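Spelled out from the first residue to the last, the chains are:
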Amino acid sequence: MATEYWYNTETHEVEEGKQSVASKLMGPYPTREDAARAMEIAKERNKAWEDEDRQR
């Protein structure tokens, strides 16, 4: 199985594999770099969804 990376919203650190409780994690991400950008990725996705909703 490929390694998965998670972003811990409490410690603001990337974890290799699930090391913390799910409620504190964002992911999984395929790379450490993607996990490190978790908050930025979430903001981008939220904006895209909001834009899509406005177009309806």
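The present account deals with the structure reproduced in this document. Computed from a predicted model, the values in this text were never measured in an experiment.

Let's talk about the overall build of the protein
Secondary structure assignment for the protein yields 2 helices and 3 strands. Tracing the protein from N to C terminus, the helices and strands come up as β-β-β-α-α. Rg of the C-alpha trace for the protein: 13 Å, well past the compact-globule value of 10 Å for 56 residues, more than 25% over. Seen along its three principal axes, the alpha-carbon backbone of the protein occupies a region of about 40 × 25 × 15 Å. Taking all 56 residues of the protein together, the buried fraction comes to 20%. When the accessible surface of the protein is split by element, carbon and sulfur atoms take 49% of a total near 4400 Å².

Describing the sheet that holds strand β1 (residues 5-8)
The pairing of strands in a sheet comes from backbone hydrogen bonds and takes either a parallel or an antiparallel form. Overall, antiparallel pairing links the 3 strands, which are arranged β2-β1-β3 in an open sheet. Every interior strand has two partners, whereas the edge strands, β2 (13-16) and β3 (25-29), have only one. Going from strand to strand, the sheet's axes swing by 25 degrees on average, the running direction of each strand aside. For β1 and β3, the ladder comprises 3 bridges, and the chain directions are antiparallel. If you follow Y5 over to β3, its bridge partner there is Y29. Taken strand by strand, helix α2 (residues 38-54) contacts β1 and β3, and its axis lies near 90 degrees from that of β3.

Definitions and limits used
- Residues numbered from 1 in each chain as written.
- Predicted model: local features only at pLDDT ≥ 70, side-chain atom pairs only at ≥ 80, totals over all residues.
- Heavy atoms only, no water.
- Helix = DSSP H or I, 4+ residues; strand = E, 2+ residues; numbered from the N terminus.
- Rg over C-alpha atoms; globule rule 2.2 N^0.38 Å.
- Buried < 20%, exposed > 50% of the residue type's maximum accessible area, 1.4 Å probe, protein only.
- Areas by Shrake-Rupley, 256 points an atom, 1.4 Å probe, with all protein chains shown as cover.
- Pairing = 2+ DSSP bridges.
- Axes fitted to C-alpha atoms, helices over the stretch in contact; angles between N-to-C directions.
- Contact = heavy atoms within 4.5 Å.

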